[in-house]
Amino acid sequence: MHRSKGRLVEIFQYMQQHLQAIVTVLSLVNPLICGAMFAQIEAGQARTTQFGDAIKAALAVLVILVIAALVGARVLQVFGVSLDALSVAGGGVLAWIGFTMLRGDSAPVPATKNQKRSLTPVILFAASPGTITGVITIAVVHTRLALPVTALVAVAVATVVMWIMMLLVGREATHEGGGFLHDTATRFMGLIVIAMGTQFALTGLRNFFAAHS
């Protein structure tokens, strides 16, 4: 009886770890903003084109975060880089992306057939150093087996949600143009991204000085 109760408690704790990891990675990837950025980039494109680009972006993010979960901690040890330093760097990258959006030049203009669309802003946002830091932390803390299963499951779920959100929000991108509401939404999202980047950087700095005080 006691064994069965202990087993149930262990299963519950294991599921709780997975749920917490999924929520953490989802909040870092932020599929809603990824979808909005994707809609700006894909404005005026056919649904088939959007579908293909969404798959490309999601796969790129998945590969980056899976690599981070598997070997991220070892790579940081090799180069002598701490998670706090990576968090500060990630905050700087996110803040830079946010400033470009705030200025209104985050590539929201519709691309014609002769223009090459860039999915880099979406990929950099979803798989930013801040997200990579979170994934590596989850992999280090919750690794029980040879593979960081908890981190890998969280990455897979977050990537799928991001892909679905890009397709759903991208439906609005089939209508070209945008005007005042489009520009306002772009700048508002830029402000949110700047705030997230600042939060990552401040958290990294706080943890760094706390560890060395």
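Residues numbered from 1 in each chain as written. Predicted model: local features only at pLDDT ≥ 70, side-chain atom pairs only at ≥ 80, totals over all residues. Heavy atoms only, no water.

Looking at the overall build of the protein
When its secondary structure is counted, the protein shows eight helices and zero strands. Shown N-terminal to C-terminal, the secondary structure of the protein runs as helices and strands in the order α-α-α-α-α-α-α-α. Buried positions account for 40% of the 213 residues belonging to the protein. Sequence-distant contacts in the protein: of pairs separated by 6 or more residues, those separated by 24 or more amount to 92%. (Helix = DSSP H or I, 4+ residues; strand = E, 2+ residues; numbered from the N terminus. Buried < 20%, exposed > 50% of the residue type's maximum accessible area, 1.4 Å probe, protein only. Contact = heavy atoms within 4.5 Å.)

Some points on the nonpolar core
Counting 44 residues, the largest nonpolar core has Val 29, Leu 65, Val 122, Phe 125, Met 162 and Met 166 as the members making the most contacts within it. A total of eight residues in this core trace back to one element, the largest contributor, which is helix H3 (residues 47-79). With sequence-adjacent residues up to four places away left out, Val 122 is seen in contact with Cys 34, Met 37, Phe 38, Ile 41, Met 162 and Met 166. (Core = buried A, V, L, I, M, F, W, Y, C linked by side-chain atoms within 4.5 Å.)

Regarding the environment of Pro 121
With respect to the secondary-structure elements, Pro 121 resides in helix H5 (residues 120-126). Spatially, the C-alpha atoms of Pro 121 and Ile 97 are 7.2 Å apart, while their sequence positions differ by 24 residues.

Some details on the side chain of Asn 30
As for its placement among the helices and strands, Asn 30 is situated in the loop between helix H1 (2-29) and helix H2 (31-41). Assessed through its relative accessible area of 17%, Asn 30 is described here as buried.

Some thoughts on the packing of aromatic side chains
On inspection of all chains with the given rule, the structure shows two aromatic pairs. Between Phe 51 and Trp 163, the aromatic rings sit 5.9 Å apart at their centres with planes inclined by 70°, giving edge-to-face as the arrangement. On the criterion of sequence distance, the pair formed by Phe 51 in helix H3 and Trp 163 in helix H7 (residues 149-170) is long-range, its members being 112 residues apart. Given a relative accessible area of 41%, Phe 51 falls into the partly exposed group. (Phe/Tyr/Trp six-rings, centres within 6.5 Å; stacked < 30°, edge-to-face > 60°.)

Some words on the packing of H2 against H7
Where H2 contacts H7, the axes come no closer than 8 Å and their chain directions differ by 45°. By the angle between their axes, H2 is oblique relative to H7. Remark: the crossing between H2 and H7 carries right-handed chirality. Of the residues in H7, those in contact with Pro 31, Leu 32, Cys 34, Gly 35, Ala 36, Phe 38 and Ala 39 of H2 are Val 161, Met 162, Met 165, Met 166, Val 169 and Gly 170. Its residues assigned to classes, the contact of H2 with H7 comprises eleven nonpolar, two polar and no charged. (Axes fitted to C-alpha atoms, helices over the stretch in contact; angles between N-to-C directions. Parallel < 35°, antiparallel > 145°, perpendicular 65-115°, else oblique. Left-handed = near helix turned anticlockwise from the far one by under 90°. Nonpolar A, V, L, I, M, F, W, Y, C, P; charged D, E, K, R; others polar.)

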